[in-house]
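These are the residues of each chain, in order.
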Amino acid sequence: MILKNINHSCSYDTEKICTIFFPDERIKNDETQDVSVITKKEKNTISVDAIVYGKAMTKSATLEQDEDIAYAMSVLLFDVLSSLTGFKPPWGILFGVRPAKLMHRYANEVGEENARNLFIDRFLASPSKANLALEVMKHENRVISLSQTNSFSLYISIPFCPTRCNYCSFVSHSIERTQKLVNPYVELLCKELEYTSKIAKDLNLRLETIYWGGGTPTTLSAEQLSKILTVINDCFVLNDLREYTVEAGRPDTITEQKLFALKKFGVDRISINPQTFNDNVLVEIGRRHTAQMAVDSFLLARECGFDNINMDLIAGLPCDTLDSFRNSVDSAISLGADSVTIHTLAKKSASYIVTDDKEYDLSDRLLTSSMVDYSYERLKSELYHPYYMYRQSKSLGNLENVGWAQDGRECLYNVFMMDETHSVFAVGAGAVTRLINQNTGYIERIYNYKYPYEYIDHFDEVLKRKDGIISFYQQ
């Protein structure tokens, strides 16, 4: 698509609005593009001139004195693109990752009802999304209140998977291609954990939650898992630990031996993620397990004593239908999943799923929206509540990802991380340590090397960067 901004400095906002409507388009200067948008300011008048797959529209508006031009331009552009496409994104002109956190901010300033109305009237969000943000905020607040001024969480990155799913954009690598890296990676990960634990002890910090993600942590062997678990158990002060989560993730990586290893070291929450209970869709997205394997893994985890199990599902996967998605939601509920996270497919550039649409096709967005609506109604009817939420810029239908949980089964780490409640010390390839000054809200990040081979080759630098935690807390 073409996007030209003339005589104003709102390019960031106009690009974000265009991405809401055209998440698969890249902004280019090619005059033959199917989507062309020109935004302009002349004195106190702003205008939008757009062509979308042959349909054209021009609109203008007069700026009031001291009016926020970025906001006014966003509303005007949203209006034009909504008219041309026949699609009104449910979150309006909001493009932030954390709508519940924004709701929290406005609720503190003007009260809950006025904050809800701001979402609808000013930001053009639908009433249902404003209500969702408000409900998530209330449940998040209960978790946030558990954090103390010296609290932190620990994130452990295991960037390996049995295979790479077609929709995946994370730093994860097929175990078949990177097998030789796994043992040295585990050895160095343990050293980084030891180094990080010393920093936490010296700063007298309180560890609230531990979360293993990736990748798929249970791609590792039971012995490798036990090695890492032992280091955590021996090096960190776990007296105040509220939650210990490991993403078991792929059913084809779960064994009784691995589950017992996790249980032995105090892991009390796991995630088993079928993504869908439709075998045809599993084949389409590159997964080497069946829906029955997900069921069997869940039941095995129950037999091993896990009483807090999450299941992830994705709305909008290729070849999925509304009926089969409904079956996926119903299956997770009938198994007795303690929490269910409903993701919306996001077509990221790093994934294998791409699009080649030559017209503005709403079918995928409308279908995905129907899937999400069904999941919310069904989960609510079974007394699950939405406790955390985040958004991605290229999700189908501009929809959101929401964690639903039964009472007492919320993932505390997810809330702490999404709300940016307290610091998260992150270890492993692709991990990002996020340091938060809880008095000022200032955030500083420390990045580890992205890929396992970089992490291994530059490990001394990884440890050196960790010293930034000490500098941050001494300021």
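Below you will find a few notes about this structure. (Residues numbered from 1 in each chain as written. Predicted model: local features only at pLDDT ≥ 70, side-chain atom pairs only at ≥ 80, totals over all residues. Heavy atoms only, no water.)

**Focus: the packing of helix 5 (residues 127-144) against helix 13 (residues 412-419)**
Applied cut-off: Only the contacting stretch of a helix is used when fitting its axis, a line to C-alpha atoms as for every element, and angles between N-to-C directions run 0 to 180 degrees. Starting at the N terminus, helices and strands are each numbered in turn, a helix being any DSSP run of H or I of at least four residues and a strand any DSSP run of E of at least two. Oblique is the label for any angle not covered by the other classes, which are roughly parallel (under 35 degrees), roughly antiparallel (over 145) and roughly perpendicular (65 to 115). Here a residue-residue contact requires only that any non-hydrogen atoms of the pair lie within 4.5 Å.
Remark: helix 5 packs on helix 13, axes separated minimally by 9 Å, with the N-to-C direction vectors making an angle of 100°. Taken as axis vectors, helix 5 and helix 13 run roughly perpendicular relative to one another. For the pair formed by helix 5 and helix 13, the contact residues are Glu140, Val143 and Ile144 on the first element and Leu412, Val415, Phe416 and Asp419 on the second.

**Some details on the environment of Tyr387**
This is how the line gets drawn: Nitrogen and oxygen atoms within 3.5 Å of one another constitute a polar contact, given that in protein one can donate a hydrogen and the other can accept it, and given that sequence-neighbouring residues count only through two side-chain atoms.
The topology assignment puts Tyr387 in strand 13 (residues 385-391). Ignoring anything within four residues of it in the chain, the contact list for Tyr387 reads Val136, His139, Glu140, Arg269, Gly403, Trp404, Ala405, Glu410, Cys411, Asn414 and Val415. In this structure the side chain of Tyr387 is engaged in a polar contact, spanning 3.3 Å, whose partner is the backbone nitrogen of Cys411.

**Details of the side chain of Ser36**
Note on placement: Ser36 falls in strand 2 (residues 35-42). Aside from chain neighbours lying at most four places away, what touches Ser36 is Ile2, Asp49, Ala50 and Ile51.

**Concerning the packing of helix 4 (residues 112-121) against helix 5**
Axes are the key here: two packed helices are described by the angle between their axes and the distance separating the axes. Here is the rule: The hand of a helix crossing depends on one turn: near helix anticlockwise from the far one by less than a right angle means left-handed, and clockwise means right-handed.
Two elements in contact, helix 4 and helix 5, have axes separated by 9 Å at closest approach and are oriented at 140°. Put simply, helix 4 runs oblique to helix 5. The interaxial crossing formed by helix 4 with helix 5 has right-handed handedness. Judged by residue contacts, Glu112, Arg116, Phe119 and Ile120 of helix 4 engage Pro127, Ala130, Asn131, Ala133, Leu134, Met137 and Lys138 from helix 5.

**So, the pattern of salt bridges**
What counts is decided by this rule: What makes a salt bridge here is a side-chain nitrogen of Lys or Arg within 4 Å of a carboxyl oxygen of Asp or Glu, nothing more. Throughout this description, buried means an accessible area under 20% of the type-specific maximum (1.4 Å probe, protein chains only), exposed means over 50%, and partly exposed covers the range between.
Enumeration according to the criterion identifies 23 salt bridges in this entry. Between Glu400 and Lys129 there is a salt bridge; the shortest N-O distance is 2.8 Å. Of this pair, Glu400 sits in strand 14 (residues 400-405) while Lys129 sits in helix 5, placing them 271 residues apart in sequence. Exposure remark for Glu400: the relative accessible area of 0% places this residue in the buried category. Given a relative accessible area of 5%, Lys129 falls into the buried group. Notably, a salt bridge pairs Glu382 with Arg378, separated by 2.7 Å at the nearest N-O pair. One network of salt bridges, with partners in common, ties together Arg98, Lys101, Glu420 and Arg445.

**Here's the deal with helix 1 (residues 11-21)**
Since there are 3.6 residues in each turn of an α-helix, residues three or four apart along the chain are aligned in direction. Spelled out, the test is: Starting at the helix axis, one direction is taken to each C-beta atom, and the arc is that of these directions.
Within the span of helix 1, buried status applies to Asp13, Thr14, Ile17, Cys18, Ile20 and Phe21. The buried residues of helix 1 occupy an angular sector of 150° when projected down its axis, which confines them to one face. Here the buried face of helix 1 lies against strand 1 (2-6), strand 2, helix 2 (69-85) and helix 12 (363-381).

**Thoughts on the packing of aromatic side chains**
Threshold: When the centres of two rings from Phe, Tyr and Trp lie within 6.5 Å, Trp using its six-membered ring, the rings pair. Their planes under 30 degrees apart give stacked, over 60 give edge-to-face, and anything left gives tilted. For a Lys NZ or an Arg CZ to count as sitting over a ring, it must be within 6 Å of the ring centre and within 35 degrees of the ring normal.
Under the defined criterion, the tally for this structure stands at 20 aromatic pairs. Ring centres 5.3 Å apart and planes at 90° place the aromatic pair Phe160 and Tyr185 in the edge-to-face group. Of this pair, Phe160 sits in strand 6 (residues 160-161) while Tyr185 is found in helix 6 (residues 175-202), placing the two residues 25 residues apart along the sequence. In terms of burial, Phe160 and Tyr185 fall into one category: buried. Every member of this aromatic cluster is reached through a ring pair, and the members are Phe152, Phe425, Tyr442, Phe472 and Tyr473. A cation sits over an aromatic face here: Lys263 above Phe306, 4.9 Å from the ring centre. Looking at Arg365, its charged tip hangs above the ring of Phe87, at a distance of 5.4 Å from the centre.

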